[in-house]
Amino acid sequence: MSNASITKTTPEWNTINWAKVQRKVFKLQKRIFQAVKSGNKVKAKKLQKLLLKSHYAKLLAIRKVTQDNQGKKTAGVDGKKSLRPNQRLKLVNELRLKGYKAKALRRVWIPKPGRDEKRGLGIPTMKDRAMQALVKSALEPYWEAQFEGTSYGFRPGRSAQDAISRIFLAIKTNAKYVLDADIAKCFDKINHDYLLSKVDCPHNIKRIIKQWLECGVMDKGIFEETDSGTPQGGVISPLLANIALHGMIIDIENHFPRTKRREDGSLKQGYKPKIIRYADDFVILHTDYDVILQCKNLVAQWLEKVGLELKPEKTSIRHTLKSIVHNGKTIEPGFDFLGFNIRSYPKGKHHSSKTGGKNAQLTGSKTLIKPSKKKILAHHEAIKEAIKANKKAPQKALITRLNPIIRGWCNYYRNVCSKKTFKSEDNILWNMLRAWTVSRKKKETPLIKALKKYFSYGKHGFWTFQIKGAVLYHHAETGILRHTWVKPEASLYDGNWTYWSKRRGTYSGTPTRVAKLLKKQKGICPQCKQYFTPEDLIEVDHIIPKSKGGKDTYNNLQALHRDCHDVKSKNDYLYDWLENGYEWKDDVLTVPMTKD
């Protein structure tokens, strides 16, 4: 292809109004979500077909896999990666359901964290990834309207912190037994027939999903058939896994009554077990040991029809407050889940939690959630590897490498009781950097002199690891910020701008003010007349500028899309000219004729 054609098509992709594209696609996804919620699945499937034909949906799918996703530089079996803008535009016209055939996956082996084992990823071609993103955009709102409220893994608007917060609410007033379970090779063993019968989508979509499940894998030039499982590494794989596991929580809970009569004749409320699932990991909580054993058997039976089974070495029964004996082994209190350690500690009247309601009573325990020891050690190893890799590098290069590692780890654990852990990590980090300094100094150089070369007075005191233009980030700099868990019935596709604007915080102004403005405007931007989506950046602006006498009151405020606000700001000077009698014709400002 000539350079002229590349130059010609490049501006077309770069000048696409992506805010408009996202709003158009989200509006259709919202209609799919609402149709399923109202029980009209026939209408939802018609809207799915409409979305799959949408030019905007195809543009957004291609942008996600070629620009936004981290795997954009990883090629499939065809060797294509990092598509140029003109190639992306060409791919838009190729995304058609009719006549589509999926290619085999390219097997890539990656090591499992903290283990000697490796797991294989199946990398689709760029075209297959774009088609998976397109199909996912139609399937996801359909299933988000049906998924259980306590399922959190690989779902938009939900995170591991939401799952941990839900567990905390379940055990903070009453210590419970826990079934900490893991599904063995969940993505590799899902039964294809069961999954396809459950997907519940138009026939042409189901035909394509079947191709992805059975397309096979190329490993070092050798082709292998895929008789079970979903393609790990594919865009749609996590959604398919969630669809396969959907219903487990409801089916297990329905085996138990809501209330149970005690021996004294009183009713015990909330007898159903609490089940919190994050992808293929889940926990079941209950006050009775026998109920936990029943749940374990029921889960094993339920998974059998999906083609799955529990992993024995990662499935255990524990108690949040006391040690228990299970299968002849004494198990310590508490459990680890998603990198967090969750445990209740016996406390006196001054630190004990209380039960809810008017007649609140002391529980005699307090639940604390901390980073797990396993993840702390893994963090040590990550820092140690970074320091080892930069043993002879300049100090600035080491700081640049360490800061993202420290920030990312701290941000993950900033919502729990991590203050002491952060301080401890800073002490360990200081010792590692001291050893790094010693390894670089000459034998005749005194240690204190070598330390002063890299440590000096700064924001962390006399021992700040810094150089001009770079300061090492400390764990203790991260403030503890409690997480507000997402409501079980909430979804990014429900169009509730008030709720999601309070959670996101990607705007100027207070959450309450933005929420009120969105409600007053019925979710529509007054500048472009398009609906807001929960992913949009929002800017609060004055209807009548303060420079023209407008006041900073609620009636004079409006919520705009960030891009609409930027355009309005650039055109403010134009409004001044027009008010002074100038005219705007054919993109030119003209001075009107005067009497003189």
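Remember, predicted model here, so these are calculated numbers, not experimental data. (Residues numbered from 1 in each chain as written. Predicted model: local features only at pLDDT ≥ 70, side-chain atom pairs only at ≥ 80, totals over all residues. Heavy atoms only, no water.)

(A) Structural context of a negative patch on the surface. Together, Asp-193, Glu-214, Glu-225 and Asp-227 give the surface a local cluster of negative charge. Relative to the helices and strands, Glu-214 is located in helix H10 (residues 203–214). Under the relative-accessibility criterion, Glu-214 is labelled partly exposed at 42%. (Patch = residues over 30% accessible without salt bridge, like charges linked within 9 Å, V, L, I, M, F, W, Y side chains within 5 Å. Areas by Shrake-Rupley, 256 points an atom, 1.4 Å probe, with all protein chains shown as cover. Salt bridge = Lys/Arg side-chain N within 4 Å of Asp/Glu carboxyl O. Lys, Arg positive; Asp, Glu negative; His and termini not counted. Charge placed at Lys NZ, Arg CZ, Asp CG, Glu CD. Helix = DSSP H or I, 4+ residues; strand = E, 2+ residues; numbered from the N terminus. Buried < 20%, exposed > 50% of the residue type's maximum accessible area, 1.4 Å probe, protein only.)

(B) Structural detail: the packing of aromatic side chains. Across all of its chains, the model carries 20 aromatic pairs by this definition. Here the aromatic rings of Tyr-142 and Trp-143 are separated by 6.2 Å at their centres, their planes lie at 65°, and the arrangement is edge-to-face. Aromatic pair Phe-455 and Trp-463: ring centres 5.9 Å apart, planes at 65°, arrangement edge-to-face. The exposure class of Phe-455 is buried, given its relative accessible area of 4%. (Phe/Tyr/Trp six-rings, centres within 6.5 Å; stacked < 30°, edge-to-face > 60°.)

(C) A look at empty space enclosed by the protein. By the definition in use, this model includes two cavities of 30 Å³ or more. Lining the second largest cavity are Phe-154, Cys-186, Phe-187, Pro-238, Ala-241, Asn-242, Leu-245, Arg-277, Ala-279 and Asp-280. If you tally residues by element for the lining of the second largest cavity, the top one is helix H11 (residues 237–245), at four residues. Residues of the lining of the second largest cavity, tallied by class, amount to seven nonpolar, one polar and two charged. (1 Å grid on protein atoms, 1.4 Å probe; cavity = no way out; pocket = protein on both sides within 12 Å on 5 of 7 lines; lining within 4 Å. Points joined across faces, edges and corners; volume = space filled by probe spheres on them. Nonpolar A, V, L, I, M, F, W, Y, C, P; charged D, E, K, R; others polar.)

(D) Geometry of the confidence of the model for the protein. Scored by pLDDT, the protein comes out at a mean of 83, with 86% of its residues at no less than 70. The least confident element of the protein, judged by mean pLDDT, is helix H21 (residues 572–579) at 46; the most confident is strand S8 (residues 274–278) at 95. (pLDDT = per-residue confidence, 0-100.)

(E) Representation of the environment of Ala-397. Looking at the element boundaries, Ala-397 is found in helix H15 (residues 395–413). Sequence separation of Ala-397 and Ala-470 is 73 residues, and the distance between their C-alpha atoms is 9.0 Å.

(F) Main features of the pairing of strand S17 (residues 461–467). Bridging between strand S16 (residues 455–458) and S17 involves three bridges; their strand directions are antiparallel. Along S17, the bridge assignment pairs Phe-455 with Phe-465. With antiparallel pairing between neighbouring strands as the criterion, S16 and S17 make up a hairpin whose turn holds two residues. In terms of strand pairing, S17 meets strand S18 (residues 470–471) through two bridges, oriented antiparallel. Across the sheet, the residue bridging to Gln-466 is Val-471, located in S18. Following S17, the chain reverses through two residues before pairing antiparallel with S18; Gly-469 in that reversal takes a positive phi of roughly 95°. (Pairing = 2+ DSSP bridges.)

(G) Expanded view of the sheet that holds S8. Pairing within the open sheet is antiparallel, and its four strands lie in the order S8-S9-S3-S10. In the strand order of this sheet, the two ends are held by S8 and strand S10 (316–319), each with one partner. If you compare each strand with its neighbour and ignore which way they point, the axes differ by 20° on average. (Axes fitted to C-alpha atoms, helices over the stretch in contact; angles between N-to-C directions.)

(H) Inspection of the sheet that holds strand S14 (residues 340–346) at higher detail. Spatial ordering of the open sheet is given by S13-S14-S15, a layout of three strands whose pairing is antiparallel. Strands with a single pairing partner mark the edges of an open sheet, and in this sheet they are strand S13 (335–337) and strand S15 (365–371). For this sheet, the mean inter-axis angle between neighbouring strands, taken without regard to orientation, is 30°. In terms of strand pairing, S14 meets S15 through seven bridges, oriented antiparallel. Each residue of the ladder has a partner; that of Asn-341, found in S15, is Lys-370. Along the sheet, helix H7 (residues 160–171) contacts S13, S14 and S15; its crossing angle with S14, the most-contacted strand, is approximately 15°. (Contact = heavy atoms within 4.5 Å.)

(I) Up close: the environment of Lys-529. Tracing the backbone through its elements, the reader meets Lys-529 in the loop between helix H19 (511–520) and strand S19 (538–542). Lys-529 sits 31 residues away from Leu-560 along the chain, and the two C-alpha atoms are 9.8 Å apart.

(J) The pattern of salt bridges, seen in detail. A complete count under the given rule lists six salt bridges for this structure. Ionic pairing is found between Lys-459 and Glu-477, a salt bridge with its closest N-O pair at 3.1 Å. Placement of the pair is Lys-459 in the loop between S16 and S17 and Glu-477 in the loop between S18 and helix H18 (497–504), with a sequence separation of 18 residues. With relative accessibility at 56%, the residue Lys-459 sits in the exposed group. Here the salt bridges share partners, and the residues they tie into one network are Lys-41, Lys-45 and Asp-200.

(K) Here's a closer look at the packing of helix H14 (residues 373–389) against helix H16 (residues 419–440). One can describe the packing of H14 onto H16 by two numbers: an axis separation of 11 Å at closest approach and a directional angle of 25°. On the basis of the axis angle, H14 is roughly parallel to H16. Pair H14 / H16 crosses with right-handed handedness. In this structure, H14 uses Ile-376, His-379, His-380, Ile-383, Lys-384 and Ile-387 to contact H16, whose residues at the interface are Thr-421, Glu-425, Ile-428, Leu-429, Met-432, Leu-433 and Trp-436. (Parallel < 35°, antiparallel > 145°, perpendicular 65-115°, else oblique. Left-handed = near helix turned anticlockwise from the far one by under 90°.)

(L) Focus on the pairing of strand S9 (residues 281–286). Along S9, five of the six residues are buried, which leaves the element largely enclosed by surrounding structure. Of the pairings in the sheet, the one linking strand S3 (residues 177–182) to S9 comprises six bridges and is antiparallel in character. What sits directly across from Val-178, in S9, is Leu-285. The sheet contact formed by S8 and S9 spans five bridges and is antiparallel. Of the residues in S9, the one forming a bridge with Lys-274 is Leu-285. Here S8 folds back onto S9 in antiparallel fashion, the turn holding two residues, of which Ala-279 has a positive phi close to 60°.

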